[in-house]
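One letter stands for each residue in the lines below.
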Amino acid sequence: LLYPSRWEGFGLSLLEALHAGVPAIATDGWPMNELVEHGHNGLLVPANITGAFFESPVWEVSPGDLAGAMARFVGDARLRRRTTCAAPGELAARQHRFVMTARRFLLGETAPRVLSMYAGPHPTYLRAETFRSHALRRHGYEVVDAGYGDAWEALVAEGCDFALVAKAPSLEWVRHLK
């Protein structure tokens with residue numbers, strides 16, 4: 001999808017394309033750059049604010065930069081594969097992250113804070129907790145990773161919406177979170 005919006009803001013065609021997993025080439029201006037992550041679900045083309053249309057900024061993009069982004073996309077098969085969303089989990093993550101971003105900007109809500117507890121790094125491989133934390137971040141959550149040896153009491157005292165516990169050293173530890 002080529003989306004060189006100048007002042008439209010929240011265009012439905014951009015949302016529908018991203019929801020369907022179609023990559024977008026869009027203006028690097030708000031709100032397009034909140035929806036399109038450069039190199040992940042599309043490409044963002046540099047833009048300058050040249051004025052205002054009612055209360056919204058007017059973004060100007062060089063036609064040459066747009067053409068360059070289109071040529072890059074056409075000529076790079078790896079980029080096309082990486083930015084096209086065929087996995088339902090990725091689509092759900094993008095949709096959820098979008099909803100959370102919209103709630104943050106429109107309603108002033110903060111992202112849910114998750115305390116992710118784990119046994120600590122393994123010397124030769126990544127633990128499942130690493131992937132769990134990454135997935136939560138992709139969904140728009142604020143994730144604080146902590147090991148059982150860390151000052152987790154202070155992290156709990158700072159407040160979290162929920163905690164995820166993996167390989168707890170004892171049930172007493174889990175009871176303490178309640």
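Colleague: Sorry if this is basic, but what is going on with the pattern of salt bridges here?
Modeller: Opposite charge on two side chains allows them to pair when their charged atoms are near. By the definition in use, this model includes 4 salt bridges. Residues E37 and R97 are paired through a salt bridge, measuring 3.7 Å at the closest nitrogen-oxygen approach. One end of the pair, E37, is in the loop between helix 2 (32-35) and strand 3 (42-45); the other, R97, is in helix 5 (residues 88-107), with 60 residues separating them in the sequence. On the basis of relative accessibility, which here comes to 34%, the residue E37 falls in the partly exposed class. A salt bridge links R137 to D145; its shortest N-O distance comes to 2.7 Å. The class of R137 is partly exposed, set by a relative accessible area of 38%.

Colleague: How do you make sense of a nonpolar patch on the surface when you look at a structure like this?
Modeller: Taken together, W30, F105, L106 and L107 make up a surface patch of nonpolar side chains, about 480 Å² in accessible area. Locating L106 in the fold gives a position in helix 5. Residue L106 is classed as exposed on the basis of its relative accessible area of 68%.

Definitions and cut-offs
Position numbers for residues count from 1 along each chain, tracking the sequence in the order it is written. pLDDT decides what is reported in this predicted model: residues at 70 or higher carry local features, side-chain atom pairs at 80 or more are listed and counted, and totals for whole chains, interfaces and linings draw on all residues regardless. Side-chain descriptors were evaluated using all non-hydrogen atoms of the structure, hydrogens and water having been removed beforehand. Salt bridges are counted wherever a side-chain nitrogen of Lys or Arg sits within 4 Å of a carboxyl oxygen of Asp or Glu. Starting at the N terminus, helices and strands are each numbered in turn, a helix being any DSSP run of H or I of at least four residues and a strand any DSSP run of E of at least two. Each residue gets one of three labels from its accessible area relative to the maximum for its type: buried under 20%, exposed over 50%, partly exposed in between, using a 1.4 Å probe on protein chains only. A residue counts toward a patch only above 30% relative accessible area and without a salt bridge, and it is joined to like-charged neighbours within 9 Å or, for Val, Leu, Ile, Met, Phe, Trp and Tyr, to nonpolar neighbours within 5 Å. For every accessible area listed, the method is Shrake-Rupley and the probe measures 1.4 Å; residues are considered covered only by the protein chains on display.

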